[in-house]
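Listed below, chain by chain, are the residues.
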Amino acid sequence: QLKLSDIKAWYQRWYRPNYATVLVVGDVRGLDILKRVRQHFGHIPAKYESLSYKIATQPARVQRRLTVHAPTVKPYIMMAYQVPSVTRLAVDQRWKSDALDVLAMLLDWGDGGRLTAVLKDKHQWVNQVGVSYQGYRTHDTLFHISTELSDRRFKRQTERQIRFELARLQSTPVSSAELARVKAL
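Residues numbered from 1 in each chain as written. Predicted model: local features only at pLDDT ≥ 70, side-chain atom pairs only at ≥ 80, totals over all residues. Heavy atoms only, no water.

> For this particular structure, what's the right way to read the pairing of strand E3 (residues 141-149)?
It is a general feature of regular strands that their side chains alternate between the two faces of the sheet. In this sheet, E3 lies alongside strand E1 (residues 76-83) in antiparallel orientation, the contact comprising eight bridges. Pairing of Met78 across the sheet is with Ser146, part of E3. Of the pairings in the sheet, the one linking strand E2 (residues 126-133) to E3 comprises seven bridges and is antiparallel in character. Opposite Gly130, over in E3, you have Ser146 as the bridge partner. (Pairing = 2+ DSSP bridges. Helix = DSSP H or I, 4+ residues; strand = E, 2+ residues; numbered from the N terminus.)

So, in structure tokens, the structure goes:
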């Protein structure tokens, strides 16, 4: 149960101008609004505080696999890898988050993505491919690869090809054409 002192402490900690957003809608003049915002809120001092807290995460030591047998029109494969978010990386290691963004774009992102080209266009094992990484989280996140199979029979081949493409990216440099496509996105 909260006490009045708890509520006041929470208010003092979190209600401050540097955490606020002012939204103005209508036919207004920007400079006039800015003047009014400063007039009403400018006297409140900003407070900065180091928000250090730890969210317990377990290192991914073993592969976990879950197979769901459910009535579906099309089978689906989803692979996920535990990866750090940019907020959990040291400043000199934050390039790793950018590298994961580039990896997602190399594997997917339209018709030029490696997985789309191989799994959908070449082999026609899948109807669609999705790759995502949301690096701006306060805790570790997941790098997702998902596919909707065109037929159940292609499950093993599809998974094997995804792993092959990931290994190939580790051992073979990315072509200048692929890099130009990613830069254009």
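Right, picking up where we left off after that structure.
> Hey, could you run me through the packing of helix H4 (residues 114-122) against helix H5 (residues 155-171) in this one?
With their axes 11 Å apart at the nearest point, H4 and H5 run at an angle of 150 degrees to one another. Considering the angle they form, H4 stands roughly antiparallel to H5. At the point where H4 passes H5, the crossing takes the right-handed sense. Here Arg114, Leu115, Val118 and Leu119 of H4 come into contact with H5, specifically with Thr158, Gln161, Ile162, Glu165, Arg168 and Leu169. Looking at side-chain class alone, the contact of H4 with H5 contains five nonpolar, two polar and three charged residues. (Axes fitted to C-alpha atoms, helices over the stretch in contact; angles between N-to-C directions. Parallel < 35°, antiparallel > 145°, perpendicular 65-115°, else oblique. Left-handed = near helix turned anticlockwise from the far one by under 90°. Contact = heavy atoms within 4.5 Å. Nonpolar A, V, L, I, M, F, W, Y, C, P; charged D, E, K, R; others polar.)

> Can you walk me through the packing of helix H3 (residues 95-107) against helix H6 (residues 176-184) in this structure?
Two quantities define a packed helix pair, namely the angle between the axes and the distance from one axis to the other. It is at 10 Å that the axes of H3 and H6 come closest, and there the two elements cross at 110 degrees. The angle between H3 and H6 falls in the class roughly perpendicular. Here H3 contributes Val102, Met105 and Leu106 to the contact with H6, which in turn contributes Glu178, Arg181 and Val182. Of the residues in the contact of H3 with H6, the class split is four nonpolar, no polar and two charged.

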